[in-house]
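Architecture at a glance
The chain contents come next:
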Amino acid sequence: MAVMVNNKDAKNSMDTSKYVRYTSEQVEALERVYSECPKPSSLRRQQLIRECPILSNIEPKQIKVWFQNRRCREKQRKEASRLQTVNRKLTAMNKLLMEENDRLQKQVSQLVYENGYMRQQLQNASVAATDTSCESVVTSGRHQHNPTPQHPPRDASPAGLLSIAEETLAGFLSKAKGAAVDWVQMPGMKPGPDSIGIVAISNTCNGVAARACGLVGLDPTKVAEILKDRPSWLRDCRCLDVLTAFPTGNGGTIELLYMQTYAATTLASARDFWTLRYTTVLEDGSLVVCERSLSGTQGGPSIPPVQHFVRAEMLPSGYLIQPCEGGGSIIRIVGHMDLEPRSVPEVLRPLYESSTVLAQKMTIAALRRLRQIAQEATGEVVFGWGRQPAVLRTFSQRLSRGFNEAVNGFTDDGWSLMGSDGVEDVTIAINSSPNKHFGSQVNASNGLTTLGGGILCAKASMLLQNVPPALLVRFLREHRSEWADSNIDAYSAAALKASPYSVPGSRAGGFSGSQVILPLAHTVEHEEFLEVIKLEGHGLTQEEAVLSRDMLLLRLCSGIDENAAGACAELVFAPIDESFADDAPLLPSGFRVIPLESRTDGSGGPNRTLDLASALEVGSAGTRTSGDSGANSNLRSVLTIAFQFTYESHLRENVAAMARQYVRTVVASVQRVAMALAPSRLSSHVGPRPPPGTPEALTLARWICQSYRLHVGVDLFRADCEASESVLKLLWHHSDAIMCCSVKSLPVFTFANQAGLDMLETTLVALQDISLDKILDENGRKSFFTDYGQIIQQGYVYLPAGICLSSMGRPASYDRAIAWKVLNDEDSTHCIVFMFVNWSFM
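Residues numbered from 1 in each chain as written. Predicted model: local features only at pLDDT ≥ 70, side-chain atom pairs only at ≥ 80, totals over all residues. Heavy atoms only, no water.

The cut-off we apply is this: UniProt positions are given in the numbering used here, feature names are shortened, and annotations may be inferred rather than shown by experiment.
Labelled according to an unreviewed UniProt entry, the chain appears under the name Class III homeodomain leucine zipper protein 31, originating from Larix kaempferi. A UniProt comment under Sequence similarities (unreviewed entry) is attached to the chain, and it reads "Belongs to the HD-ZIP homeobox family. Class III subfamily." According to the UniProt record, the Subcellular location (unreviewed entry) comment for the chain reads "Nucleus".

Below, the structure written as structure tokens:
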């Protein structure tokens, strides 16, 4: 290992060579440090020299150069690996596109032929009408010579099931290769190196159908294993039971399956399927898993209807998995169903007649799960809190499943309805068997077993107009104070403790504390987030001081991309205790917003966000008018709310009254928010802060740079960046952590760039809940308050190297820091900015 030294003094002191030679022991010691901290600060490097005697003869600057070179090599390695992956994906995509092009050319040829044939038929129509006798003879002759088709046996015997399986295989392959269905590209899903794949839908076939093609970095056998385990990736799947399985003579496998799926809302019934699944290998080595429903008209075995479920039909669907050169698999996924839309209220029928919704729930969800597992296997996905990916996936599944169970309230899970209070807007269901509901999650260490009662769920559904589901859920996620009640949160958290909490009353002021979002995990495409929410300062009374500790919520948020056509947006959360064990019991509550009408194009509405980061996209500005949102003017969606509470038997009626009133309050709050977010109200502000995407963000960036140049005498960025948008982008992507702090007795952060958010391990929304004194250590606080007067008078001050703490308590060191006063256009103090130079976690 050799490192060039650029320092002239070092060159003079090294007569033999301008390179520093490291021994294997020294390299091993440096590699250990690099694995923990790739970018150590000067303090950390000096500490390393003191702690490792074998490095004592090396100058700190030489070690700094070693780490620079090591980061460069790591970056080159990752870039080479990324380019290889992109190349393989582009090759596979090119193959898929060529096949799609061939299919379209054949379709064009077929249409030209049919057009010519129809023209010929029209020209011969008069001749055919006059020569009826000849036509009659020909027709009768055709009937005489048309043999009766010999149908294969259609019973429950292996031969009969194999006949159905072969027919299913043929029907599926014709759809997978594009011959049987007229596929059109799904809105907003354009193929490319960074896309999930090629996604197509059909609006002309019987039922709803969707197809997805893509490349995943897993072998075909692993892909088939994952996709067969449908409950692990299909969030709507309640259960999948294999009732019969037997091998076929050609090496395949036939299985008879019974599957139940959840209803997405309280206004519709759940669906179930009785299907045959056939797994086999084709002559070209491709692995096929195909499936279709069994019914009396098709032959084969049947099962009677199940109470509370509507029997839906799965037409030939499945997975075609081909091994890819260089590793991985090319996969084609087809979903084709008849969901019996006639059995639901007319207002909900678009949900059951939309191929776009089916694509989001099934085909795209399957590809995303495969892609997620493939990237987890390579170690590219980073998760927080030391949790394994499988554990975090289990948390997400449990939250989603628990919310679905609450919305559906199946009787075989122990749920039963309570009588109403005369108004049918809120439904109350109780489950007096929490052990049955939670299963293995209940143990003697938590308070659920000491209740002597059960679980109560209050739920409601309502129709929303002109509000994008993604925008509404994102607002509910970021502005919990607009709808939550701290007393109710405290009551829910008390279920995890040994001593139950008394039934709270309604709090007029709503949620009085602050929330800190602690990121836990996210999927590859950031369409789903798993995070821990810390509720601080929730204002309990003095008698309730025993519960005055910070409360924690585990939260799952998905579907907040406004450009994802047909996507369902969800916000599900459950209280957890400080231990946050892998098997902790979860009692999920939350919101689900389902679009009833998907967009007709891929452009969608404006990409409106609720924080300063919205202005970082080129072209987003505050000059939007309400007319820009015409695409959303007729958007309809269904909001479903379900909140679960524990209760003791003697307090059941009180808890039911509290839950009913709370859900009504939440519904009223959501309606108020929805009206404010509607496109016709874009000109009005939502909440006390100015709307996002307006010039405020650009103005703040301009003030920061102008004040830095005024006080320090140099430019923060290069002088040729005159446009406000360019200044904001440079500020956001700056490598040093830059944070804006309010000028108050207790300063709190109001804005930070991406490096600042990484340093604090928080999000832009949760940043406002972090105060300056929480991140500085004792020396940092003394230094800041000592120099605060100098900042106000002189305009800036340099701070020495030190250590600060992230929102998760991790120490981060920095070489130096500078704080300066930001002046607005009236030369009044707007805020104070901190810039931490060369920071890194210790």
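Details of unusual backbone geometry
Just so we agree on the cut-off: Secondary structure follows DSSP: runs of H or I at least 4 residues long count as helices, runs of E at least 2 residues long count as strands, and numbering of each begins at the N terminus. Working definition: with a 1.4 Å probe on protein chains only, accessible area under 20% of the residue-type maximum means buried, over 50% means exposed, and in between means partly exposed.
Phi at histidine 308 takes a positive value of approximately 75 degrees, unusual for a residue other than glycine. Assignment of secondary structure puts histidine 308 in the loop between strand S9 (287-293) and strand S10 (309-311). Assessed through its relative accessible area of 45%, histidine 308 is described here as partly exposed. Positive phi, normally seen in glycine, also occurs at asparagine 466, with a value near 65 degrees.

Structural notes on the nonpolar core
Filter applied, for reference: As used in this record, nonpolar core signifies buried Ala, Val, Leu, Ile, Met, Phe, Trp, Tyr and Cys residues forming a set joined through side-chain atoms within 4.5 Å. Residues are treated as being in contact if the distance between any of their heavy atoms lies within 4.5 Å.
By size, the foremost hydrophobic cluster in this structure holds 54 residues, and its most contacted members are Ile704, Leu716, Phe749, Met759, Trp820 and Phe834. When residues of this core are assigned to their parent elements, the largest contribution, 9 residues, is made by helix H16 (residues 695-712). Not counting chain neighbours up to four residues away, the residues in contact with tryptophan 820 comprise Ile704, Ser707, Tyr708, His711, Leu716, Ile791, Gly795, Tyr796, Cys831, Ile832, Val833 and Met835.

A closer look at the packing of aromatic side chains
The test is simple: Only Phe, Tyr and Trp rings take part, Trp by its six-membered ring, and two of them pair if their centres are within 6.5 Å. Stacked means planes under 30 degrees apart, edge-to-face means over 60, and tilted covers everything else. In this scheme, the term charge over a ring applies when either NZ of a lysine or CZ of an arginine sits within 6 Å of the ring centre and within 35 degrees of the ring normal.
With the rule as written, the count across this model stands at 18 aromatic pairs. Here tryptophan 483 and phenylalanine 591 contribute two aromatic rings whose centre-to-centre distance is 4.9 Å and whose plane-to-plane angle is 80 degrees, an arrangement assigned as edge-to-face. A residue pair is termed long-range when its members are at least 10 positions apart, and tryptophan 483 in the loop between helix H13 (469-478) and helix H14 (486-494) and phenylalanine 591 in strand S21 (residues 589-595) qualify at 108 residues. Pairing tyrosine 796 with tyrosine 798 gives two aromatic rings, centres 5.8 Å apart and planes at 90 degrees, and the pair type is edge-to-face. Through successive ring pairs, a cluster of aromatic residues spans Trp483, Tyr491, Phe573, Phe591, Phe643, Phe645 and Tyr662. Between arginine 477 and the ring centre of phenylalanine 529, over which it is positioned, the NZ or CZ distance is 5.4 Å. Seen from the ring of phenylalanine 573, arginine 480 lies directly overhead, with NZ or CZ sitting 5.1 Å from the centre.

Side note on the UniProt feature "coiled-coil region" (unreviewed entry) in the chain
When the UniProt feature table is mapped onto this chain numbering, "coiled-coil region" (unreviewed entry) sits at residues 87-114. Along residues 87-114 one finds 100% helix and 0% strand; the C-alpha atoms at either end are 40 Å apart.

Details of the pattern of salt bridges
Applicable threshold: The salt bridge definition used is simple: a Lys or Arg side-chain nitrogen within 4 Å of an Asp or Glu carboxyl oxygen.
Counted under the stated rule, the structure contains 27 salt bridges. For arginine 230, the salt bridge is made with glutamate 291, and the minimal N-O distance between the two is 2.6 Å. Residue arginine 230 is located in the loop between helix H8 (220-228) and strand S6 (237-247), and its partner glutamate 291 is located in strand S9; the two are separated by 61 residues in the primary sequence. Take arginine 230 and glutamate 291: they sit in the same class, and that class is buried. Taking the shortest distance from any N to any O, the salt bridge between glutamate 376 and arginine 393 comes out at 2.3 Å. You can see glutamate 376 sitting in helix H10 (residues 355-378) and its partner arginine 393 sitting in helix H11 (residues 389-408), a full 17 residues away along the chain. Of the residues examined, arginine 393 reaches a relative accessible area of 22% and is grouped as partly exposed. Here the salt bridges do not stand alone but share partners, grouping Arg238, Arg401, Glu405, Asp412 and Asp413 into one network.

Examining a nonpolar patch on the surface
Put simply, the rule is: Patches in this entry comprise residues that are over 30% relatively accessible and not in a salt bridge; like charges within 9 Å are linked, as are nonpolar side chains (Val, Leu, Ile, Met, Phe, Trp, Tyr) within 5 Å. Areas reported here follow the Shrake-Rupley algorithm with a probe of radius 1.4 Å; residue values treat only the protein chains shown as occluding.
Side chains of Tyr113, Tyr117 and Met118 sit close together on the surface and give an oily, nonpolar patch of about 370 Å² of accessible area. Its location among the elements puts tyrosine 113 in helix H4 (residues 60-123). For tyrosine 113, a relative accessible area of 56% gives the class exposed.

Concerning the pairing of strand S5 (residues 208-216)
So the rule is basically this: Here, a strand pair is defined by DSSP locating no fewer than two bridges between the strands.
For S5, a buried count of 9 out of 9 residues is recorded, marking the element as mostly surrounded by other parts of the structure. The alternating pattern of S5 places Val208, Ala210, Ala212, Gly214 and Val216 on one face and Ala209, Arg211, Cys213 and Leu215 on the opposite face, and all of these are buried. By the bridge criterion, 5 bridges tie strand S4 (residues 198-202) to S5 in an arrangement that is antiparallel. Each residue of the ladder has a partner; that of valine 199, found in S5, is alanine 212. Counting the residues between successive antiparallel strands, the hairpin from S4 to S5 contains 5 residues, one of them, glycine 207, with a positive phi of roughly 85 degrees.

Details of the sheet that holds strand S27 (residues 811-814)
Spatial strand order, S26-S27-S30: 3 strands in an open sheet with antiparallel pairing. Strand pairing shows two members of the sheet lacking a second neighbour, strand S26 (802-805) and strand S30 (840-841), which therefore form its edges. Here 2 bridges tie S27 to S30, and the two strands are oriented antiparallel to one another. Bridge assignment links serine 813 to a residue of S30, and that residue is serine 840.

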